[in-house]
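# Structural overview for review
Spelled out from the first residue to the last, the chains are:
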Amino acid sequence: MPRTITVGAAQLGPIARNESRGQVVKRLLELMREAHHFRCDLVAFPELALTTFFPRWALEDEAELDSFYETEMPGPATKPLFEEAAKLGIGFSLGYAELVVEGNRKRRFNSSVLVDKTGRIIGKYRKVHLPGHADVLERPGQHLEKRFFEVGDLGFPVWRGFGGILGMCICNDRRWPETYRVMGLQGVEMILLGYNSPVGLGDPYELDALEPFHNHLVMQSGAYQNATWVVGVAKAGMEEGFNMIGQTCIIAPSGEIVAQCATMGDELVIRKCDLDFAKPYRADIFNFAAHRRPEHYGLITERTGAIPPPEDR
Ligand code: CDT
């Protein structure tokens, strides 16, 4: 019996700062219905899919900051997504800002949930690799994820669902090989990955120009080196004056891009993914049990920053 997951990668165009949850959820519902029309088992939405990418601003008013977070999932605004998913019999993954109140303490995470075809949450992930900075910089565009989120505390779990083994990660996580490998070592077969990647935040021009190349480079290598499908879903286009890359794509365990969005707006691309397409890679070149040498990888977990050897060595 072939093991397949038909997945829809639901790219979102820009979300305005004043766009309400209701307006955004309506867009998500349209994409979900389209995915159902094309017989998708699952539709993947981007990182922070319910709001504009608010960490670009040094928000000082706490009530305003809180307004970008969800305190429950599903909550009143997101319940229609769960109800429609259950009605249609389609799963989804959704990135959102999560606010947890523990006693007097507010904890903030950049999170995503995986929801099955009955509308039940079967997996939750909190972003581990937070890019950017915590201090406000002297420039219009900030990347204040380190200010507005805590490092995720759930690791990189995987879940059985949709007839396979699925994992999630979020945006900057995709640039770190450890992200994929930790899931790879749990047998992940499909990684759902939402991102918001701005260009032009003061990087050298050359780095900006290479951003689309780097975007695909990291996801394709993560897929190939771990023999897994990767579904990379962007928030794209000119959002509040900031240019967000698109390139939403579905990548096979061969490392090849097999479907890609063509626009910078709301757009769905779909692919019927054969999970057993990974078999030859897992049996041979990336047979972890046969070829990995963890006794030589100690530095990966012992050391964080690079320490070059002394110069006179
Ligand atoms: N959202 C997110 O993680 N974006 C980062 C931008 C880093 S630029 C400071 C990314 O890796 O795409």
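Residues numbered from 1 in each chain as written. Predicted model: local features only at pLDDT ≥ 70, side-chain atom pairs only at ≥ 80, totals over all residues. Heavy atoms only, no water.

### Some points on the overall build of the protein chain
A tally of helices and strands in the protein chain yields 9 helices and 15 strands. Taking the principal axes of its C-alpha atoms as reference, the protein chain extends roughly 60 × 50 × 45 Å. Per-residue burial over the protein chain gives 54% buried out of 313 residues. Considering only residue pairs separated by 6 or more positions, the protein chain has 70% of its internal contacts joining residues 24 or more positions apart. Across the protein chain, the 35 positively charged side chains and the 41 negatively charged ones have centroids separated by 6 Å. (Helix = DSSP H or I, 4+ residues; strand = E, 2+ residues; numbered from the N terminus. Buried < 20%, exposed > 50% of the residue type's maximum accessible area, 1.4 Å probe, protein only. Contact = heavy atoms within 4.5 Å. Lys, Arg positive; Asp, Glu negative; His and termini not counted. Charge placed at Lys NZ, Arg CZ, Asp CG, Glu CD.)

### Considerations on the site of the ligand
The environment of the ligand is formed by 13 residues, the closest being Lys-127, Cys-171, Asn-172, Arg-175 and Ser-197. Between the ligand and Glu-145 there is a distance of 3.0 Å, counted from a nitrogen atom to a side-chain nitrogen or oxygen. Protein chains shield 85% of the accessible area of the ligand, which is 360 Å² for the free molecule. Of the residues contributing to the shell around the ligand, the split by class is 4 nonpolar, 4 polar and 5 charged. (Near = heavy atom within 4 Å. Polar contact = N/O pair within 3.5 Å; in protein donor to acceptor, adjacent residues only side chain to side chain. Areas by Shrake-Rupley, 256 points an atom, 1.4 Å probe, with all protein chains shown as cover. Nonpolar A, V, L, I, M, F, W, Y, C, P; charged D, E, K, R; others polar.)

### Focus: the side chain of Asn-110
Within the secondary structure, Asn-110 is located in strand β4 (residues 105-115). Here Glu-145 takes part through its side chain, which lies 3.2 Å from a polar atom of the side chain of Asn-110. Not counting the four nearest positions on each side in its chain, Asn-110 is found in contact with Glu-47, Leu-48, Tyr-96, Tyr-125, Arg-126, Lys-127, Glu-145, Phe-149 and Ile-170.

### Examining the packing of aromatic side chains
Here the distance between the centres and the angle between the planes together describe a pair of aromatic rings. Under the counting rule described, the total for this entry stands at 12 aromatic pairs. Seen in terms of ring centroids, Phe-54 and Phe-68 are 4.8 Å apart; in terms of plane orientation they differ by 15°. Their pairing is stacked. Of this pair, Phe-54 sits in the loop between β2 (42-44) and α2 (62-66) while Phe-68 is found in the loop between α2 and α3 (79-88), placing the two residues 14 residues apart along the sequence. Between Tyr-125 and Phe-156, the ring centres sit 5.5 Å apart and the planes meet at 25°, which makes this aromatic pair stacked. Within this pair, whereas Tyr-125 is found in strand β5 (residues 121-126), its partner Phe-156 is found in the loop between α4 (145-148) and β6 (158-161), the two being separated by 31 residues in sequence. The buried category is assigned to Tyr-125, whose relative accessible area is 0%. Residue placement shows Arg-17 over the ring face of Trp-57; its charged tip is 4.2 Å from the ring centre. The aromatic ring of Phe-109 is capped on one face by Arg-126, whose charged end is 4.0 Å from the ring centroid. (Phe/Tyr/Trp six-rings, centres within 6.5 Å; stacked < 30°, edge-to-face > 60°. Lys NZ or Arg CZ within 6 Å of the ring centre and 35° of its normal.)

### Considering the nonpolar core
Within soluble globular proteins, side chains that are nonpolar tend to cluster in buried spots. By size, the foremost hydrophobic cluster in this structure holds 45 residues, and its most contacted members are Leu-42, Leu-114, Met-190, Leu-192, Met-219, Val-231 and Ile-250. Counting residues in hydrophobic clusters, the runner-up holds 26 residues, among them Ile-15, Val-25, Phe-45 and Phe-82. (Core = buried A, V, L, I, M, F, W, Y, C linked by side-chain atoms within 4.5 Å.)

### Quick look at the environment of Thr-6
By the secondary structure assignment, Thr-6 is in strand β1 (residues 4-11). C-alpha of Thr-6 to C-alpha of Met-183: the two residues are 177 residues apart in sequence and 21 Å apart in space. Excluding residues within four positions of it along the chain, Thr-6 makes contact with Phe-38, Arg-39, Cys-40, Asp-41, Leu-42, Arg-271 and Lys-272.

### Some details on the packing of helix α1 (residues 21-37) against α3
Relative orientation of the contacting elements α1 and α3 amounts to 10°, with a least axis distance of 10 Å. In this view, α1 runs roughly parallel relative to α3, as classed from their interaxial angle. In the packing of α1 onto α3, the handedness of the crossing is right-handed. Two secondary-structure elements touch here, α1 through Val-25, Leu-28, Leu-29, Met-32, Arg-33 and His-36 and α3 through Pro-80, Leu-81, Glu-84, Ala-85 and Leu-88. Split by residue class, the contact of α1 with α3 holds 8 nonpolar, 1 polar and 2 charged. (Axes fitted to C-alpha atoms, helices over the stretch in contact; angles between N-to-C directions. Parallel < 35°, antiparallel > 145°, perpendicular 65-115°, else oblique. Left-handed = near helix turned anticlockwise from the far one by under 90°.)

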